[in-house]
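What follows is each chain in one-letter form.
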Amino acid sequence: TRAIIRCTYCQSTMALPIEQLRQVLSQSLSPDVTTRQNAERALLTSQTSQGHALTVLRLISSNDAADGPVRQSAAVHFKNMVKKGWSPDPDDEDAKKFLVP
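What this report covers is the structure whose coordinates are included nearby. Starting afresh in each chain, residues are numbered from 1 along the sequence in its written order. Residue-level local features of this predicted model are given only where pLDDT is at least 70; pairs of side-chain atoms are given and counted only at 80 or more, and the full residue set underlies all totals for whole chains, interfaces and linings. Derived side-chain values reflect all non-hydrogen atoms in the structure, with water molecules and hydrogen atoms excluded from consideration.

### Regarding the packing of helix H1 (residues 18–27) against helix H2 (residues 33–46)
Stage number 1. Contact geometry of H1 with H2 gives a least axis separation of 8 Å together with a crossing angle of 135 degrees. With respect to H2, the axis of H1 lies oblique. Once H1 is placed against H2, the crossing between them reads as left-handed. Residues Leu-21, Val-24, Leu-25 and Gln-27 of H1 pack against Thr-35, Arg-36, Ala-39, Ala-42 and Leu-43 of H2.
Stage number 2. Residues belonging to the contact of H1 with H2 are distributed by class as follows: six nonpolar, two polar and one charged. Geometry is summarised by axes, namely lines fitted to C-alpha atoms with helices restricted to the contacting stretch, and by angles between N-to-C directions that run from 0 to 180 degrees. Secondary structure elements follow DSSP: runs of H or I no shorter than four residues count as helices, runs of E no shorter than two count as strands, and numbering proceeds from the N terminus. In what follows, roughly perpendicular refers to angles from 65 to 115 degrees, roughly parallel to angles under 35, roughly antiparallel to angles over 145, and oblique to any angle outside these ranges. Working rule for handedness: look at the near helix, and if it is turned counterclockwise from the far one by less than a right angle, call the crossing left-handed; if clockwise, right-handed. Contacts: residue pairs with any heavy atoms within 4.5 Å of one another. Each residue gets one of three labels, nonpolar for Ala, Val, Leu, Ile, Met, Phe, Trp, Tyr, Cys and Pro, charged for Asp, Glu, Lys and Arg, and polar for the others, Gly among them.

Okay, here's the thing in structure tokens:
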């Protein structure tokens, strides 16, 4: 059986283009605090955009489109979005077996 999940981020705004997302993720790795914080704010804002999660997954799965650190940053961003914004159906007993506290 599959767990039914719902997204708390679904909104009507559009996702960042993949090139812009790549740039923001790259800036999130900057040693400069201001640059990094601005990028983190941009990621938080963009994660409410329709299609953002799919754009992040496209960036993660692209072999030559992004360098390793940016792809890893995208993977961590996606993991955090799922962890914070998705929840299993509370009535799905099968899904409860796989929940980690």
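### As for the packing of H1 against helix H3 (residues 52–61)
Stage number 1. Where H1 meets H3, the axes come as close as 10 Å, and the angle between the chain directions of the two elements is 75 degrees. Classified by the angle between their axes, H1 and H3 sit roughly perpendicular to one another. Contact with H1, carried on its side by Ile-18, Leu-21, Arg-22 and Leu-25, involves His-52, Thr-55, Val-56, Arg-58 and Leu-59 of H3 and no other residues of that element.
Stage number 2. Grouping the amino acids of the contact of H1 with H3 by side-chain chemistry returns five nonpolar, two polar and two charged.

### Observations concerning helix H4 (residues 68–85)
Stage number 1. In a helix, the anticipated span is given by 1.5 Å times the number of residues less one. For H4, with 18 residues, the first-to-last C-alpha span of 25 Å sits near the 26 Å given by 1.5 Å per residue.
Stage number 2. Each residue's exposure class comes from its accessible area (1.4 Å probe, protein chains only) as a fraction of the maximum for that residue type: buried when under 20%, exposed when over 50%, partly exposed otherwise. Turning to H4, its buried residues number three or more, namely Val-70, Ser-73, Ala-74, His-77, Met-81 and Gly-85. Angular distribution of buried residues about the axis of H4 spans 100 degrees; they occupy a single face of the element. Across H4 from its buried face, at more than 90 degrees, point the exposed residues Gln-72 and Lys-83. The arc in question is traced by the directions running from the helix axis to the C-beta atoms.

### Details of the nonpolar core
Inside soluble globular proteins, nonpolar side chains tend to come together where they are buried.
Stage number 1. Within the largest apolar cluster, ten residues are counted, these being Leu-16, Leu-21, Val-24, Leu-25, Ala-39, Leu-43, Val-56, Leu-59, Val-70 and Ala-74.
Stage number 2. Those elements that place two or more of their residues in this core are H1, H2, H3 and H4.
Stage number 3. By residue number, the principal contributor to this core is H1, which donates three residues.
Stage number 4. Those residues in contact with Val-70 that sit more than four places away from it in its chain are Arg-22, Leu-25, Ser-26, Leu-29 and Leu-59. Definition used in this section: a nonpolar core is a set of buried Ala, Val, Leu, Ile, Met, Phe, Trp, Tyr and Cys residues joined via side-chain atoms within 4.5 Å.

Spatial relationships are all this shows, so hold off on functional conclusions.
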